[in-house]
Amino acid sequence: MQIAVTTPTGNVGRHVVAALVRAGVRPRVLLRDPGRLDPGIKDEVDAVPVDQYDADTVAAATRGVDALFWVDPTTGGEDPLADYARATDSVVRAVTENRIGRVVFQSSVGAEKRKGAGEIDGLARTETALDDLGIDVTHLRCGYFFTNLELQLAALRAGTLQVILPLDQPMAWVAPRDIAEVATGRLLSPAWSGRRVQAVHGPADLTWSEVADILTAATGRPIGVERITDDAMRAQLHQAGMTDGLVEAVLGMSTGLREDFVPEQRRTVGSTTPTTLAAWAYGHLRHRLADA
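Residues numbered from 1 in each chain as written. Predicted model: local features only at pLDDT ≥ 70, side-chain atom pairs only at ≥ 80, totals over all residues. Heavy atoms only, no water.

A. Structural context of the overall build of the protein chain. In terms of helices and strands, the protein chain carries 10 helices and 12 strands. Over its C-alpha atoms the protein chain spans a radius of gyration of 19 Å, differing by no more than 12% from the 19 Å that the globule rule assigns to 292 residues. C-alpha extents for the protein chain along the principal axes are approximately 50 × 35 × 35 Å. Each of the 292 residues in the protein chain was classed as buried or not, and the buried ones make up 50%. Taking as baseline every contact in the protein chain between residues at least 6 positions apart, the subset at least 24 positions apart corresponds to 74%. Accessible surface, the protein chain as shown: approximately 13200 Å² in total, 50% of it carbon and sulfur. (Helix = DSSP H or I, 4+ residues; strand = E, 2+ residues; numbered from the N terminus. Rg over C-alpha atoms; globule rule 2.2 N^0.38 Å. Buried < 20%, exposed > 50% of the residue type's maximum accessible area, 1.4 Å probe, protein only. Contact = heavy atoms within 4.5 Å. Areas by Shrake-Rupley, 256 points an atom, 1.4 Å probe, with all protein chains shown as cover.)

B. Local environment of unusual backbone geometry. Non-glycine residue Arg 99 carries a positive phi angle of around 55°. If you trace the backbone, Arg 99 turns up in the loop between α3 (80-98) and β5 (102-108). Residues other than glycine seldom take positive phi values, yet Asp 260 does so here, at roughly 60°. Counting through the fold element by element, Asp 260 comes out in the loop between α9 (244-255) and α10 (277-290).

C. Region of the structure containing the sheet that holds strand β11 (residues 204-206). With mixed pairing, 3 strands are arranged side by side in an open sheet as β7-β9-β11. Strand pairing shows two members of the sheet lacking a second neighbour, β7 (144-145) and β11, which therefore form its edges. With 2 bridges joining them, β7 and strand β9 (residues 171-174) adopt parallel strand pairing. Each bridged residue has a counterpart across the sheet, and for Phe 145 the counterpart in β9 is Val 174. (Pairing = 2+ DSSP bridges.)

D. Structural detail: the packing of α3 against helix α4 (residues 120-131). Viewed as axis vectors pointing N to C, α3 and α4 meet at an angle of 20°, and their least axial separation amounts to 9 Å. Taken together, the axis directions place α3 and α4 in an arrangement best described as roughly parallel. Viewed along their axes, α3 and α4 form a crossing whose handedness is right-handed. On the side of α3, the interface is formed by Leu 81, Tyr 84, Ala 85, Thr 88, Val 91 and Val 92, while α4 contributes Asp 121, Gly 122, Leu 123, Arg 125, Thr 126, Ala 129 and Leu 130. (Axes fitted to C-alpha atoms, helices over the stretch in contact; angles between N-to-C directions. Parallel < 35°, antiparallel > 145°, perpendicular 65-115°, else oblique. Left-handed = near helix turned anticlockwise from the far one by under 90°.)

E. Region of interest: the packing of aromatic side chains. Enumeration according to the criterion identifies 4 aromatic pairs in this entry. With centroids separated by 4.6 Å and ring planes inclined at 65°, the aromatic side chains of Tyr 144 and Trp 173 adopt a geometry described as edge-to-face. Of this pair, Tyr 144 sits in strand β7 while Trp 173 sits in strand β9, and the two are 29 residues apart along the sequence. Exposure remark for Tyr 144: the relative accessible area of 26% places this residue in the partly exposed category. When the ring of Trp 173 is compared with that of Trp 208, the centres are 5.1 Å apart and the planes differ by 80°; the resulting orientation is edge-to-face. Note that Trp 173 is positioned in strand β9 and Trp 208 in helix α7 (residues 208-219), a separation of 35 residues in sequence. The exposure classification of Trp 173 matches that of Trp 208, with both residues buried. What links up through ring pairs into an aromatic cluster is the set Tyr 144, Trp 173 and Trp 208. Above the plane of the ring of Trp 192 lies Arg 186, whose end atom (NZ or CZ) is 5.6 Å from the centre. Here the basic side chain of Arg 286 rests over the ring of Tyr 282, its NZ or CZ set 3.8 Å away from the ring centre. (Phe/Tyr/Trp six-rings, centres within 6.5 Å; stacked < 30°, edge-to-face > 60°. Lys NZ or Arg CZ within 6 Å of the ring centre and 35° of its normal.)

None of this, on its own, says anything about what the molecule does.
Printed below as a string of structure tokens:
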């Protein structure tokens, strides 16, 4: 079976590639710059330079592929949802033209809303487009990545995280490596077919207050969290150089899920993964915070 993996240097994709190699599979990896691959993995994969927004190159790169791990690429443009639509067109073209029968798609908690969740709306569009193809597809509805905290290293070093969600609102937190384990299992398993939704919720739902306590204990640094207004966060994102459209898309991922939102998939043994935030923060984040 020929398996292709997109974003093979990403937080999840790099672990999917490594897991497939350990399973005896030589995956085809699709990325803009094959030179970014870890030297230790280069000889174990077939690397193809691909722009995921270019449907022609994606279709060409996936000829002969039986199963595909698809991640919509990160967008930094003025109209993120338009970028997601372009990526969706690429995967639909590839699957249709090359008769790819199995896709595992990295989606997100919140995609079930279909509309009103900022950037997540783009993932929802990809879900529905893949559903319409009538293939075997699993949508991984992932919780909040531990690695998102790495985007706030300066704030963590200063001792205060600022968020726009209620501090006592619990949500699923998950390690990207655990998502990769679920994705790899789905790619390799012949035991499922049709349309599936697989929640990947991490080991526990955590409030931001609990997160601050966990990070304090794991890193040895006093870390607090405060809730700020939407406008204050909007100003911060603009100051960081984001376009107006991107700011609203990023904000929407929080504002769209904070009022009476309940994930479609409840927490079960099948949706619960093992890596705790405490273990990840102690083993990884504290070293990042120590770097000057």
